[in-house]
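A look at the structure
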Amino acid sequence: MKVSVKVPATSANIGPGFDCLGLALPIYNTITIEETVLPGTGIEINMMSEDEVFDEMIFDNIPKDENSIVYKAVEMLYNSIGQEPSELKINIQSQIPITRGLGSSAAVIVGGLMAANKLLGSPADETALLSIATEVEGHPDNVAPAILGGFVLSSQEEDGSIICQKLDWPEEWDITVCIPDFELSTNIARSVLPENIPLSDAVFNAKHLAMLINAVNKKDEKLMKIALKDKLHQPYREKLVPGMKEIMDAFKHEDGILGTVLSGAGPTMLVISHKYDLDKIKATVKEIWEGQSIKVDIKTLKVEPEGAKFVE
Ligand code: HSE
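The following paragraphs examine the structure supplied in this document. Keep in mind the model is a prediction, meaning the values are calculated, not measured.

Before going further, it helps to spend a moment on the nonpolar core. In this structure, Ile14, Ile33, Val110, Phe151, Trp169, Leu212 and Met224 are the most contacted members of the largest nonpolar core, which totals 70 residues. Examining the composition of this core, we find that 10 residues originate from one element, helix H3 (residues 104–119), more than from any other. Each of two domains, domain 1 (2–167 + 303–311) and domain 2 (174–301), supplies a minimum of three residues to this core. Contacts of Trp169, omitting those with residues within four sequence positions, involve Ile14, Leu23, Phe151, Ile175, Val216, Met224, Ile272 and Val303. Listed in part, the 22 residues of the second largest apolar core include Leu184, Met248, Val271 and Tyr276.

Spelled out as structure tokens, the structure:
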């Protein structure tokens, strides 16, 4: 038996929502798991990429054995029902650029889990899958929209349970996704964050996250422009993303631009706009990054309302 799951890319944080906000985007990975009948064949993982900013070196360096995240997720699911995975062939067809802050790892975790769950006769419900995915990924902000689609507020509570709230992202707000041709691993991007932050910064983010939720619910662009600010992660990650500050500054005072944020742990940046000249966004980002010899792939996308789904 063979099961395929198509999973959207995701962008986490969205300004003040560090580790708790994320949205799905229409770029996809398809994960196929096949139970092989020959005993002793073990686990085989293959990856194929359609990614335009695809880097052979990064791809080659991703574990494709028992150390891979997709295998870890699948193993946890099998273990949760008292079984061990064996004789599985896992194929990952990837459109989502790797190590760019677009949820490629969340997509393979979610796709692997959903496919394996179906092969096992669906013993785990969505909540259980979300819980395993969060454990493997470390935070729920990418895996939640990868499973549910749309714009999602998520939290792993102290008892381990996951809370998810889907919010309505205003359809008229454009998201211009600017993907530079350099990698930034989440581990490195998390290693520059401080253990402790000033109380004033925590209050700053709490206020702005509350504003953001309200701005999205009311489609209030003025409020959104104030809300899309962050003091928990972006200021610390600036030094890892050349051009980030210039790009943010370039759009700060433009009417029609609601905000510019780092996508997840970066280095991709999102420019959120309404009725703004999208070619101008493209030209500005290109000029800044190409001026620093950084190639960039830019696309304006709508939020993908649907989460991971089974495909033929
Ligand atoms: N919230 C995470 C971070 C997303 O910013 O580190 C990256 O996976």
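We now examine the environment of Ala146. Counting through the fold element by element, Ala146 comes out in helix H5 (residues 143–148). Residues Ala146 and Asp19, spaced 127 residues apart in sequence, show a C-alpha to C-alpha distance of 14 Å. In this view, Ala146 contacts Val7, Pro8, Thr10, Val110, Gly307 and Ala308; residues no more than four positions away in its chain are not counted.

To continue, consider the site of the ligand. Looking at the ligand, the residues that line it are Ala12, Asn13, Phe18, Asp19, His139, Asp141, Asn142, Thr186, Arg190, Arg237, Gly264 and Ala265. A distance of 2.6 Å is found between a nitrogen atom of the ligand and a side-chain nitrogen or oxygen belonging to Asp141. A distance of 3.4 Å separates an oxygen atom of the ligand from a polar atom in the side chain of Asn142. For the ligand, whose free accessible area comes to 260 Å², the fraction covered by protein is 96%.

Let us now look at helix H4 (residues 126–137). The end-to-end C-alpha distance of H4 is 16 Å, a good match for the 16 Å that 12 residues give at a rise of 1.5 Å each. Those residues of H4 lying buried are Leu129, Leu130, Ile132, Ala133, Thr134 and Glu137. Buried residues along H4 sit in contact with helix H2 (69–80), H3, H5, strand S5 (151–156) and strand S6 (162–167). Downstream of H4 by a residue or two, Gly138 has a phi angle that is positive, lying close to 100 degrees.

About the cut-offs
Residues numbered from 1 in each chain as written. Predicted model: local features only at pLDDT ≥ 70, side-chain atom pairs only at ≥ 80, totals over all residues. Heavy atoms only, no water. Core = buried A, V, L, I, M, F, W, Y, C linked by side-chain atoms within 4.5 Å. Buried < 20%, exposed > 50% of the residue type's maximum accessible area, 1.4 Å probe, protein only. Helix = DSSP H or I, 4+ residues; strand = E, 2+ residues; numbered from the N terminus. Domains from an automatic or database assignment. Contact = heavy atoms within 4.5 Å. Near = heavy atom within 4 Å. Polar contact = N/O pair within 3.5 Å; in protein donor to acceptor, adjacent residues only side chain to side chain. Areas by Shrake-Rupley, 256 points an atom, 1.4 Å probe, with all protein chains shown as cover. Expected span 1.5 Å × (residues − 1).

Everything listed here is a matter of coordinates, which is why it stays silent on function.
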